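What follows is each chain in one-letter form.
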Amino acid sequence: MSAPLIEAHGLSKRYGAFTAVDHIDMRLDEGEVFGFLGPNGSGKSTTILMLLGLTEPSEGDVTVLGHNPTRDPMAVKRQVGYLPETVGFYPDLTGKQNLEYTAALNRIPRADADRRIKELLEMVELGHAIDQPVGQYSRGMRQRLGFADVLLKQPKLVILDDPTLGLDPTGIQWLLGLIEEMSKNQAITILLSSHALQEVQRVCDRVAIMSHGKIVLQGTVTSLTAGDGTTGYHIAVEVRSAKPGLVEAARELPGVTSADLSGNLLTVHAERDVRPQLISSLIANGGELLEVRARNRSLEDIYLRYFQEGALA
Amino acid sequence: MNAIYWKELADHFGRRRFLLLLGLVAIGTLWGVYVTTQAVQGGTGSLDQFLFLDIFTSGSGVLPSLLFFISFFGPLIGIALGFDAVNSERTHGTLSRILAQPVYRDAVINGKFLAGVTALAVVIVSMELAIIGLGMFILGFAPRGEEIVRIVGFTLVSIAYLAFWLALATTASVFLRNTVASALVTLGIWLFSGFIILLLANVAADYFAPLSSNAADAARNFSIQTWISRVSPGFLFQEATQTLLDPLTSRSQQPLDLIFSLSPERLEGLLLTPISAAESLKLVWPHIVALITGVAILFTGAYAKFMREEIRS
C-alpha cells in the first residue's frame, strides 16, 4: 500500500480560549472518497485550512502528499485542488478569463490551458456561458465553475468544503455524480466535508464525524451503521387488519429481537435487515401488507446525536 | 508574481475608476497650461529663463500652481488604486481561492503594488508629455536640455510620492477587512499629514524657538518647523519638486538649513545664479530615499500581518 495522502496526528487549533479542533488523528489513502462530516461549527473548515496551510496548527502535525503544509505550502498547493465553502470569482471577468488566471497562477502553458479550460467548462455544463461575466452567473453556475477551477491543475487530491451548501436537490445529485466520476475515472482522491450526512453518505468510502472539534466516529458507512445489537433495524409493517398469529410469526424469525402489534401497525426490531423473510412469513400467515418501512437506527442515532445538537446550538 | 502583475494591470486600465484618474490628469494638464498662458500674457507670474518649468510652478490669481494640484490630488490617485487591493479579494471570496494556488503570499501584495506603480507612472508620464506638448504649442519653443533633466527628476519624485500613498492604501487594505474603512483611514492620514502636521510644526517651532529679532532664533525656528514638517510626505514632495523645478525663486523659499549646508562660497553664488540641475538632484535625493523608506516600512507591516494570517472563505 502506498503512503497516505493525508496524515494527521494530534492536530489542534485554538483561538484564544476556544478550541476549534481538538487533537484529531486522520489518514486518507490514495483513491478514497473520504467524507468529513459534522454540523456547522464543528471544526471541519478549520481542519481543512490547516491541511492547506491557510492557517497554522496550534499543536500536532500533519502531512499532505508527504509535505508539511505550513512549511512547504507550494508543494502542497501544486497538487491539491481546494473548493472553499463560498467560492469567489472576479465578477467582471468571464468564466473563461477567471480560469485563465488560475491557469496562469499554476504556470500551465497557454495552449494547454486553453484546451483544458474548454474541456472543463463543457464538462461542468457551462459551455454556453463561457464568455459571460461571472457576475451574471447563478450560485449553482458559480459552484460548477468552482469545480472546473479545482480540476484545472490536474490535482492528485481534491478538498471540497461543504460543496452541497445552497444547492438544490438536482444540483446535489449532479455534484455527487461528478464526485463519483472524478474518483472512478480520474483516480482523484477526494476529501469531502459536509454538514448533511444523509446527502453525501452514498458517495463516501469512509467517513469521519466531527463534533465540537473532535472526531467522534470514524470508519466505513456500513461499519458505522452495523450497530451493536441494541440498535440495529426497526421495521414497521402496516397491515389491513390485525390477524392473530402475525406477531408470533414475526417473533419466530431468526434475527428478530422483538415484535409488537398496536392497531394495524406491526413494529419489529431486528439485528439485521430481515424484511424479505418477514414479508414472506407474514403473507404465509394470511397477512395483507399495505406498507413495509425499515429505519436504520444507528444512522438515525448518529444524526440525532451529532447533527441535530449542532443545528440547535 | 508575473501572472498577478499582469492581471492587476489589466484590471487597473479596465476600471471605470481609471477613467476618473485620466479626467484628473486632463484637468491637471489644462490647469498648468492655462495658468502659464495667463502668466505669459498678463506677465503676472515670475517668468524667468526656465519658462517650461514655470508651467509647473507658477500660480495665477486664484489658481495655485500645478505643483500644488499634484501634491494635493496626487495622493488621491494612489489611494484610489490601492485602498481595496487585498480586502476586496477577501470580500469577493477570491483570496482563499488564489492562495490555494501555488502562489507565495508576498507575491500577491508585490504584484498588486507593482501593477499600481506602473499605472501611476503611466498617468504621470502621460500628463507630463501632454503638458510639454501643449507648452511647446503655446510657447513656440522646445524645452532645453537642463529643463528636460529637471522634468525627468520631477517625474521620479512624483512617482515615488504617489507610490508612497499607494503603499499606504495597500497596507490599509491588508489590515482592514472593510474597503470603506480602509479608504477612510487612508484619507484621514492624507488629511492629517497634509494639514495637521504642518500646523503642529508651526506651533512646535514657535513654542521651542520663539521668533525674535535674533537671526539665529529665526533659523532655529525655521529648522524645527522644517524637520517636523518633513514627517508629511506632501511636504517632502513639495520641498523636492520646488528644488527641482524652481531653481531661481526657490532659493527664497528653500529651507534655510539646506542653504546653510552648502559652503559659504556656494551660498554667495546661490543668491545670484540658479543651482545646477545636478546640484538640485543631489539635494532631493534624501527626499526620494525617505519616500522609498516609507514604502518599505509600510510593507514590512503588511507582510508581517499577511504572511501567517488565517484565510477563511
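Look a little higher up for the structure.
Residues numbered from 1 in each chain as written. Chains lettered and ligands numbered in written order. Predicted model: local features only at pLDDT ≥ 70, side-chain atom pairs only at ≥ 80, totals over all residues. Heavy atoms only, no water.

1. Things to note about the overall build of chain A
Selection rule: Numbered from the N terminus, helices here are DSSP runs of H or I no shorter than four residues, and strands are runs of E no shorter than two. Accessible area is worked out with a 1.4 Å probe on protein chains only. A residue is then buried under 20% of its type maximum, exposed over 50%, and partly exposed in between. Whether two residues are in contact is decided by their heavy atoms, any of which lying within 4.5 Å being enough. Using a 1.4 Å probe, accessible areas were evaluated by the Shrake-Rupley method; residue-level cover was limited to the displayed protein chains.
Along the backbone of chain A there are eleven helices and 13 strands. Here chain A holds 313 residues, and 51% of them are scored as buried. Taking all contacts inside chain A whose residues are at least 6 apart in sequence as the whole, residues at least 24 apart take part in 69%. Of the accessible surface of chain A, which amounts to about 14,000 Å², a share of 50% is contributed by carbon and sulfur atoms.

2. Some points on the packing of helix 1 (residues 2-14) of chain B against helix 7 (residues 105-139) of chain B
Residues and elements named next belong to chain B. Heads up, the condition is: To obtain an axis, a line is fitted to C-alpha atoms, over the contacting stretch when the element is a helix, and the angle between two such axes runs from 0 to 180 degrees between their N-to-C directions. The cut-offs work like this: below 35 degrees is roughly parallel, past 145 is roughly antiparallel, 65 to 115 is roughly perpendicular, and the gaps in between are oblique. Take the far helix as your reference; a near helix turned counterclockwise from it by less than a right angle gives a left-handed crossing, and one turned clockwise gives a right-handed crossing. Ten residues, namely Ala, Val, Leu, Ile, Met, Phe, Trp, Tyr, Cys and Pro, are considered nonpolar, four, namely Asp, Glu, Lys and Arg, are considered charged, and the remaining ones, Gly among them, are considered polar.
Where helix 1 meets helix 7, the closest approach of the two axes is 8 Å, and the angle between their N-to-C directions is 40°. When the interaxial angle is binned, helix 1 and helix 7 end up oblique. For the pair helix 1 and helix 7, the sense of crossing is right-handed. When helix 1 is examined against helix 7, the residues Ile-4, Tyr-5, Glu-8, Leu-9, His-12 and Phe-13 are found in contact with a partner set consisting of Ala-107, Val-108, Gly-111, Lys-112, Leu-114, Ala-115, Gly-116, Thr-118, Ala-119 and Val-122. Partitioning the contact of helix 1 with helix 7 into residue classes produces ten nonpolar, four polar and two charged.

3. Remarks on the environment of B:Leu211
Residues and elements named next belong to chain B. Inspection of the secondary structure puts Leu-211 in the loop between helix 9 (179-208) and helix 10 (215-229). Spatially, the C-alpha atom of Leu-211 lies 41 Å from that of Ser-182, the residues being 29 residues apart in sequence. If sequence neighbours within four positions are ignored, Leu-211 has contacts with Ala-218 and Asn-221.

4. Re the nonpolar core
Heads up, the condition is: For the purposes of this section, nonpolar cores are sets of buried Ala, Val, Leu, Ile, Met, Phe, Trp, Tyr and Cys residues that join through side-chain atoms within 4.5 Å.
In this structure, A:Val64, A:Ile159, A:Leu191 and B:Phe306 are the most contacted members of the largest nonpolar core, which totals 104 residues. Top element by residues in this core is helix 8 (residues 145-175) of chain B. It accounts for 15 residues. When sequence neighbours within four positions are dropped, the list of residues in contact with B:Phe306 reads B:Val86, B:Leu95, B:Leu99, B:Arg105, B:Val108, B:Ile109, B:Val174 and B:Ile311. In terms of nonpolar packing, the next biggest core, distinct from the first, is built from 47 residues, A:Val124, A:Leu152, A:Ile179 and A:Leu224 among them.

5. Focus: helix 15 (residues 277-306) of chain B
Let me state the cut-off plainly: Helix span, expected: 1.5 Å multiplied by one less than the number of residues in the helix. Note that bend, as reported per residue, equals the angle between axes fitted to the 7 residues terminating at that residue and the 7 residues originating from it.
Between its first and last C-alpha, helix 15 of chain B extends 42 Å over 30 residues, near the 44 Å set by a 1.5 Å rise per residue. Approximately 35° is the largest bend angle found in helix 15 of chain B, and it occurs at B:Val284, with the proline B:Pro286 only one to four residues beyond.

6. Notes on helix 10 of chain B
All names here are of chain B. Quick reminder of the rule: Directions drawn from the helix axis to the C-beta atoms are what define this arc.
Compared with the 21 Å implied by 1.5 Å per residue over 15 residues, the 21 Å span of helix 10 between its first and last C-alpha is a close match. Listing the buried residues of helix 10 in full gives Asn-221, Thr-226 and Ser-229. Viewed end-on, helix 10 has its buried residues packed into an arc of 130°, placing them on one side of the element. Along helix 10, exposed side chains directed more than 90 degrees from the buried face belong to Ala-216 and Trp-227. In this structure, the buried side of helix 10 is in contact with helix 9 and helix 11 (233-245).

7. Considering the sheet that holds strand 3 (residues 33-37) of chain A
All names here are of chain A. Cut-off, in case you're wondering: Strands were regarded as paired on the criterion that DSSP finds at least two bridges between them.
The sheet built from six strands is open, its strands ordered 5-6-7-3-8-9 with mixed pairing. The sheet terminates laterally at strand 5 (80-83) and strand 9 (214-220), the two strands that pair on one side only. Across the sheet, the mean angle separating the axes of adjacent strands is 15° when strand polarity is ignored. By the bridge criterion, four bridges tie strand 3 to strand 8 (residues 206-211) in an arrangement that is parallel. Within the sheet, the bridge partner assigned to Phe-36 lies in strand 8 and is Ala-208. In this fold helix 5 (residues 139-151) packs onto strand 5 and strand 6 (157-161), with an angle of close to 165° to the strand it touches most, strand 5.

8. Looking at the packing of aromatic side chains
Here is the rule: In summary, the pairing rule links any two rings of Phe, Tyr or Trp, Trp by its six-membered ring, whose centres are within 6.5 Å, and it sorts them by plane angle into stacked for under 30 degrees, edge-to-face for over 60 and tilted for everything else. Criterion for a charge above a ring: Arg CZ or Lys NZ at most 6 Å from the ring centre, at most 35 degrees from the ring normal.
Within the structure shown, the criterion is met by 14 aromatic pairs over all chains. A centroid spacing of 5.1 Å and a plane angle of 80° characterise the contact between B:Tyr5 and B:Trp6, whose relative ring orientation is edge-to-face. For B:Tyr5, a relative accessible area of 16% translates into the label buried. Given the relative accessible area of 53%, B:Trp6 is considered exposed. Where B:Phe164 meets B:Trp165, the ring centres are 5.5 Å apart and the plane angle is 85°; that geometry is what we call edge-to-face. We classify B:Phe164 as buried; its relative accessible area is 14%. Among the residues examined, B:Trp165 registers a relative accessible area of 1% and is labelled buried. Across from the ring centre of A:Trp174, 5.8 Å away, lies the NZ or CZ of A:Arg144, which sits over that ring. Above the ring of A:Tyr90, the side-chain terminus of B:Lys7 is found at 3.7 Å from the ring centroid.

9. Observations concerning the packing of helix 4 (residues 66-82) of chain B against helix 7 of chain B
All names here are of chain B. Two elements in contact, helix 4 and helix 7, have axes separated by 10 Å at closest approach and are oriented at 150°. When the axes of helix 4 and helix 7 are compared, the pair comes out roughly antiparallel. You can see that helix 4 and helix 7 cross each other, and the crossing is right-handed. Between helix 4 and helix 7, the residues in contact are Leu-66, Ile-70, Ile-77, Gly-78 and Leu-81 and Gly-116, Ala-119, Leu-120, Val-123, Met-127 and Ile-131, respectively. In terms of residue class, the contact of helix 4 with helix 7 is built from nine nonpolar, two polar and no charged.

10. Considering unusual backbone geometry
All names here are of chain A. One non-glycine residue, His-23, lies in positive phi territory at about 45°. Among the secondary structure elements, His-23 is positioned in strand 2 (residues 18-28). Its identity is not glycine, yet His-212 carries a phi of approximately 50°, on the positive side. Tracing the chain through its elements places His-212 in the loop between strand 8 and strand 9.

11. Considerations on the interface of chain A and chain B
Operational definition: Note on terms: buried area is the combined drop in 1.4 Å-probe accessible area of two parts once they are placed together, counting the loss on both. One side-chain nitrogen of Lys or Arg within 4 Å of one carboxyl oxygen of Asp or Glu is enough to make a salt bridge. We define a polar contact as two N or O atoms separated by no more than 3.5 Å, with the added condition that, inside protein, one atom must be a possible hydrogen donor and the other a possible acceptor, whereas residues neighbouring each other in sequence contribute only through side-chain atom pairs.
Listed by partner, the interface residues are 31 residues for chain A and 23 residues for chain B. Counting the surface lost from both chain A and chain B, the interface buries some 2,500 Å², and carbon and sulfur atoms represent 55% of this. Between chain A and chain B we count two salt bridges in total. Among the salt bridges present, the one from A:Glu56 reaches B:Arg308, with a minimum N-O distance of 2.7 Å. Where chain A meets chain B, there are 15 residue pairs in polar contact (both at pLDDT 80 or more). Those elements that place two or more of their residues in the side of chain A that touches chain B are strand 1 (6-15), helix 1 (44-52), helix 2 (73-79), strand 5 and helix 3 (95-105) of chain A. A total of five residues in the side of chain A that touches chain B trace back to one element, the largest contributor, which is helix 3 of chain A. For the side of chain A that touches chain B, the residue count by class is 15 nonpolar, nine polar and seven charged.

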